[in-house]
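# Overview (structure and organization)
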Amino acid sequence: MKFRLVLLALLLAVASAGAQAADLQSFGRGSWSKLRAAHDGQPTVVHFWGLTCAPCLVEMPEWGKLQAERPDMRLVMVAADPVPQDPARVSDMLARADLAKAENWAFADRFNERLRYEIDPAWPGELPRTMLIDRDGKETVLTGVADLSEVRAWLDAQKKR
C-alpha cells in the first residue's frame, strides 16, 4: 500500500513538473477589436488553430520552437474550433507544444461564424490560418500550414522598418 502511495505521489510530481498550463482567454464577441487594439502599432503574428484540425496539431510544436527561437515575436494563438472545446484540453495542447507563454485565446461562442466574420468577413473557417499584422495594421494572411521561413522573413523585415 505504501508503495502505491509513493508511486502515485511520484507520478503526480512528474506531471506537475512538466509543461506549465497555458493561460487561456475566452474569445467572444468584440475580442478581435480588443486584441487588435492591444497590439496596435506592433508587428504581431496571430495563428488560428484547432484541436479538431489534424494539420494544426502537427505544426503546433514548430510554433513553439519558433517562439523559443524568436522571443521578440508577438505571438497570439487562437483556438478557433467550429465547436468550443474544453479549455483544459486546449491549455494542455498549448503546454505540450511549448506555447504556454504565448498570448492564448479560445473561441467561446457556439456561433463561431460571427467570431470569424469579425476577424475577416471573407474567412470561411479553414484551419490553420495565420495573420501577420504589421505596425500599420496591414494584414497578410497565410492559409493552411504556415511556412515558418516566410514568417521568419516577415519578422526580419519588420525589424528593419
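Please refer to the structure placed before this passage.
These lines cover the structure that appears in this document, whether it is placed above or below. Computed from a prediction, not measured in an experiment: that's the story for all the values here. (Residues numbered from 1 in each chain as written. Predicted model: local features only at pLDDT ≥ 70, side-chain atom pairs only at ≥ 80, totals over all residues. Heavy atoms only, no water.)

When you tally the buried positions in strand β5 (residues 129-133), you get 5 out of 5 residues, the bulk of the element. Residues R129, M131 and I133 line one face of β5 and the alternating positions T130 and L132 line the opposite face, and both faces are buried. As paired elements, strand β2 (residues 44-49) and β5 share 5 bridges and run antiparallel to each other. Bridge assignment links T44 to a residue of β5, and that residue is I133. In terms of strand pairing, β5 meets strand β6 (residues 139-143) through 5 bridges, oriented antiparallel. Paired with M131 across the two strands is V141, which belongs to β6. Between β5 and β6, which pair antiparallel and follow one another directly, the connecting turn spans 5 residues, one of which, G137, has a positive phi of 90°. (Buried < 20%, exposed > 50% of the residue type's maximum accessible area, 1.4 Å probe, protein only. Helix = DSSP H or I, 4+ residues; strand = E, 2+ residues; numbered from the N terminus. Pairing = 2+ DSSP bridges.)

Attention now moves to the state of the cysteines. A full pass over the atoms with the stated rule returns 1 disulfide. A sulfur-sulfur separation of 2.2 Å characterises the disulfide bridge that pairs C53 with C56. Measuring handedness by torsion sign, the sulfur bridge of C53 and C56 sits at about 80° and is right-handed. For C53, a relative accessible area of 8% translates into the label buried. C56 sits in the buried class, given a relative accessible area of 0%. (Disulfide = S-S within 2.5 Å.)

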